[in-house]
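Chain and residue survey
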Amino acid sequence: MTSPAKASLRVLALTAALAAGLSACNRDREPRPADPAAATAAAVVTPADAAAPMNFESKTPYADVRLTLPDAIRPQTDLHARLYAEEVRRLRQFIEGAQGELTEAGAATDRPKYEKTITITAAAETAKLFSLKRVDFDYSGGAHPNTLTSGLLWDKALKRRIGLADLLRKNADLTALDQALCSAINAAKRARVPDGASITFDGKDFSCPRAADTAFVLTPGTVPGRAAGLTFLIGPYQVGPYAEGGYEIALPVTGFRSLLAVAYADEFGGQLLKTGDVTPVAAPAPAA
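Keep in mind that what you see is a predicted model, and the values were worked out from it rather than measured.

This next bit is on the state of the cysteines. Taken as a whole and assessed by the stated rule, the structure comprises 1 disulfide. At a sulfur-sulfur separation of 2.0 Å, the disulfide partner of Cys182 is Cys208. Its torsion about the S-S bond being 55°, the disulfide of Cys182 and Cys208 is classed as right-handed. Here Cys208 lies in the loop between helix H6 (175–192) and strand S7 (215–220) and Cys182 lies in helix H6, a separation of 26 residues in the sequence.

Pasting the structure below:
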């Protein structure tokens, strides 16, 4: 017969073996420690690096559309996400509209496809502000295509768009700024069309725009990281006939420094490299 002591020892041995087996099973189920090298590699992949498309393009039987964003927008992840979604949605709507118009008669036509190209470039950047220039080329079947230029100003800390009213003091008197813009436009018009008539704020056919109602971008100058002025973007038809084209007019900060809001005063400094008409000149067509 087996003695009680030997029976107890046998039970204890079986219990220890069972516990060891269960412990091994649990170790198999536990997640392995993360590889430090792999964790480090994953940490350096940011949303801006992993998913920041800079282009969008689509071609259909009815329209060709394209969007191009600047690499400088990558660090501004909130702005990039909003702007990319907004512009792509606009381009898709343009395609739908083109299809509707070109198939309105219910049959194929020989009308040319529509086209829309949106090109956004970085205009200037300061510690607080990021300024973008947007050029929208649009052909929708008219006598000629249209190109409209506008600006977008982003407060990097607040993560929102702001306008001229935000840059300036509340209830600031813009009379001097309006007059400076009007005078610079007339000087540019005289250089482009010497025998053309000057415009005023109450002109019948064409008139001077008000600064508060005019698109603009920040303009860099002689001090890195500061804006030396503003460039106002005036489209075709605004101050003259279409053939005259649009104007880009740069005004130095010295003319409106006293109007700047305290929060943004330090974002401006230095001198513009060029004032007045800074409209880009199209490159000449290559010789045949």
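Let's pick the thread back up.
A word on the pattern of salt bridges. Here the structure, examined in full by the defined rule, presents 15 salt bridges. Notably, a salt bridge pairs Asp78 with Lys159, separated by 3.4 Å at the nearest N-O pair. With Asp78 in helix H4 (residues 77–102) and Lys159 in the loop between strand S5 (146–155) and strand S6 (160–162), this residue pair connects regions lying 81 residues apart in the sequence. Look at Asp78 and you get partly exposed, because its relative accessible area is 30%. The salt bridge involving Arg161 is made with Glu86; its shortest N-O contact spans 3.1 Å. Linking Arg161 in strand S6 with Glu86 in helix H4, this pair joins segments that are 75 residues apart in sequence.

Calculation criteria
- Residues numbered from 1 in each chain as written.
- Predicted model: local features only at pLDDT ≥ 70, side-chain atom pairs only at ≥ 80, totals over all residues.
- Heavy atoms only, no water.
- Disulfide = S-S within 2.5 Å.
- Helix = DSSP H or I, 4+ residues; strand = E, 2+ residues; numbered from the N terminus.
- Salt bridge = Lys/Arg side-chain N within 4 Å of Asp/Glu carboxyl O.
- Buried < 20%, exposed > 50% of the residue type's maximum accessible area, 1.4 Å probe, protein only.

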